[in-house]
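In case you want the letters, here they are:
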Amino acid sequence: MPTIKEELDRRRLLYSLLMPVMNLYVPGLERGKGLYFLFVKSETRTPGGLLARPVLTSYYKSDHFKTRPYDPYNVYTSPNEAILCPDSFQSMYAQMLCGLLQRQQVLRVGAVFASGLLRAIRFLQLNWPQLTQDIETGALNPKLTDPSLREYMDKILKPNPELAECVRHECSKDNWEGIIARIWQNTKYLDVIVTGAMAQYIPTLDYYSGGLPLACTMYASSECYFGLNLNPMCKPSQVSYTIMPNMAYFEFLPHEPDSFGFPRASPPKLVDLVDVEVGKEYELVITTYAGLYRYRVGDILRVTGFHNSAPQFHFVRRKNVLLSIDSDKTDEAELQKAVENASRLLREFNTSVVEYTSYADTRTIPGHYVIYWELLGKESANSPTDEVLKQCCLAMEESLNSVYRQGRVADNSIGPLEIRVVKNGTFEELMDYAISRGASINQYKVPRCVNFTPIMELLDSRVVSSHFSPASPHWTPERRR
Ligand code: AMP
């Protein structure tokens, strides 16, 4: 996405409004700190030599963030040295350690997306013995080698056996329900986005937080920051974002299928921000200061009301995205291509994939893609082995986009892809089920992604074998030629 320097001012403007709004609902936040897990990712250059990096990386590395003036409402437990450390293990370790050391001061816990916060909890599960040892002895884990990070940590880390014992006491229990509220007892809410694709994480967050309120404060993208939630303590299902008209020029493509459920023959006219109607759904179209012209972001929004004259939108869904675990977004065409590439490995076994569907499994941390395959083998004596199906998993991962592979390789935010082979006839049963619930036989299409519990149960009860990707796919910060 193209961007320009002054865009940083617009982003800062939006960020600067979040705490004044929150302060209306949760007083006293200036008397404590926020434990936020924030990370930078690797950078690359375009063929023309321009720097390319994720939008948040560019914000955290900018002076707007690094040399921000002191603001009692925006004090974080994580130092810049930890947030800006390019090594994700060292960065997370230091941020967690700082959060534990200052646990009494922590009033809110957050990350950008829900998946990031759950990754931090998983990290604590895996690393609490070492973290508590560091706190007990006052000596930093030797795996933290980044010089500026070490220098900072050495200054603040002092032996504190009492705190170490307290953290150890909580973490060593088998039951981690409510762990966030137990360790950070003064936490008033979790600051994470759980609208849209991230809603899948709400039950897990509720489990680990003991039901703390979830605040979705803002709505933004790499292309442009859009707006904020003026009622951040409302339930996730009730969240509406108020678009800030000064962030870009906003237009809306009506997204109503006609009364027969078919898409319209000709595309409907664009509607201006002032002309959207309550209850209607639109696709967001932006013209940005950085040069995108009538660009379709891919988000479908529904108008829920107005704040003064500014319309407010419920995030309905992202168009064409089937699977998402973290910041990855996999669409139908990408999934189809991945299945095609992987199924080539089955040719020598005279086997083909007759049907497939997928599921974003977030019951484990990190979550992973599950692809259900129904296979047709022509020679039963020569069916693909576990090893071959594992290679199919890897071949699918190799075909997926670089954000997916980066999540797998560099960030560990996505677990190995899984193929579940189902019995012959399973997809026919799936169709029967859909038809019994009112789907039209003529128009039935296999859903390429599923998450409805009865369908999942049906699929899972027909699984004959399951196979995981045996290795990491290829990924480097450089673009593929
Ligand atoms: P990216 O450019 O990768 O950061 O992704 C931006 C996209 O993430 C947006 O276009 C939305 O689809 C999604 N997104 C960002 N913020 C929110 C939010 N508050 N609620 C739901 N989805 C969001």
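Residues numbered from 1 in each chain as written. Predicted model: local features only at pLDDT ≥ 70, side-chain atom pairs only at ≥ 80, totals over all residues. Heavy atoms only, no water.

Some details on the nonpolar core
Okay, step 1: Formed by 108 residues in total, the largest nonpolar core has its most connected members in Leu 124, Phe 250, Phe 252, Leu 284, Trp 373 and Met 396.
Okay, step 2: With 10 residues, the top contributor of residues to this core is helix H6 (residues 114-137).
Okay, step 3: Excluding anything up to four places from it in sequence, Phe 250 contacts Cys 224, Tyr 225, Phe 226, Ile 243, Met 244, Pro 245, Asp 272, Leu 273, Leu 284, Val 285 and Ile 286.
Okay, step 4: Counting residues in each nonpolar core, the second largest holds 15 residues, with Met 22, Leu 29, Tyr 60 and Phe 65 among its members. (Core = buried A, V, L, I, M, F, W, Y, C linked by side-chain atoms within 4.5 Å. Buried < 20%, exposed > 50% of the residue type's maximum accessible area, 1.4 Å probe, protein only. Helix = DSSP H or I, 4+ residues; strand = E, 2+ residues; numbered from the N terminus. Contact = heavy atoms within 4.5 Å.)

Topic: the sheet that holds strand E20 (residues 463-468)
Okay, step 1: The sheet built from 4 strands is open, its strands ordered E17-E18-E19-E20 with mixed pairing. Looking at strand neighbours, the two that pair on one side only are strand E17 (351-361) and E20, the edges of this open sheet. Pairwise comparison of adjacent strand axes, ignoring direction, gives a mean angle of 25° for this sheet.
Okay, step 2: Looking at chain direction, strand E18 (residues 368-377) and strand E19 (residues 418-422) are connected through 5 bridges and run parallel. Bridged to Ile 371 within E19 is Ile 419. (Pairing = 2+ DSSP bridges. Axes fitted to C-alpha atoms, helices over the stretch in contact; angles between N-to-C directions.)

Section: helix H5 (residues 88-101)
Okay, step 1: Between its first and last C-alpha, H5 extends 20 Å over 14 residues, near the 20 Å set by a 1.5 Å rise per residue.
Okay, step 2: In terms of residue burial, H5 counts as a mostly covered element, since 11 of its 14 residues are buried.
Okay, step 3: Those residues of H5 that sit buried are Gln 90, Ser 91, Met 92, Tyr 93, Ala 94, Gln 95, Met 96, Leu 97, Cys 98, Gly 99 and Leu 100.
Okay, step 4: Sitting at the amino-terminal end of H5 is Asp 87, which places a side-chain oxygen 3.0 Å from the backbone nitrogen of Phe 89. (Expected span 1.5 Å × (residues − 1). Polar contact = N/O pair within 3.5 Å; in protein donor to acceptor, adjacent residues only side chain to side chain.)

Looking at unusual backbone geometry
Okay, step 1: Residue Pro 366 is bonded to the preceding Ile 365 through a cis peptide linkage, with omega at -10°.
Okay, step 2: Non-glycine residue Asn 320 carries a positive phi angle of around 65°.
Okay, step 3: Examined against the element boundaries, Asn 320 turns out to sit in the loop between strand E14 (310-318) and strand E15 (321-323).
Okay, step 4: A relative accessible area of 56% means that Asn 320 is categorised as exposed.

Some points on the environment of Tyr 369
Okay, step 1: Residue placement: Tyr 369 occurs in strand E18.
Okay, step 2: Spatially, the C-alpha atom of Tyr 369 lies 36 Å from that of Leu 270, the residues being 99 residues apart in sequence.
Okay, step 3: With residues up to four places along the chain from it excluded, the contact list for Tyr 369 reads Leu 323, Ser 324, Ile 325, Asp 328, Thr 330, Tyr 359, Leu 400, Tyr 404, Leu 417 and Glu 418.
Okay, step 4: Here the side chain of Tyr 369 touches Leu 323 through a polar contact of 3.5 Å, landing on its backbone oxygen.

Here we look at the state of the cysteines
Okay, step 1: In total, this model carries 0 disulfides according to the counting rule given.
Okay, step 2: For Cys 171, which is in no disulfide, the shortest distance to another cysteine sulfur is to Cys 166 and amounts to 9.1 Å.
Okay, step 3: Here Cys 216 is not disulfide-linked; the sulfur of Cys 234 is the nearest cysteine sulfur, at 7.4 Å.
Okay, step 4: Given the relative accessible area of 1%, Cys 216 is considered buried. (Disulfide = S-S within 2.5 Å.)

Section: the packing of H6 against helix H10 (residues 202-209)
Okay, step 1: At their nearest, the axes of H6 and H10 sit 10 Å apart, and the two run at 45° to each other. In terms of orientation, H6 lies oblique with respect to H10. Relative to H10, H6 is oriented so that their crossing is left-handed. Of the residues in H10, those in contact with Ala 114, Leu 117, Leu 118, Ile 121 and Gln 125 of H6 are Thr 204, Leu 205 and Tyr 208.
Okay, step 2: For the contact of H6 with H10, the residue count by class is 6 nonpolar, 2 polar and no charged. (Parallel < 35°, antiparallel > 145°, perpendicular 65-115°, else oblique. Left-handed = near helix turned anticlockwise from the far one by under 90°. Nonpolar A, V, L, I, M, F, W, Y, C, P; charged D, E, K, R; others polar.)

Functional significance is not addressed by these values, which are geometric in nature.
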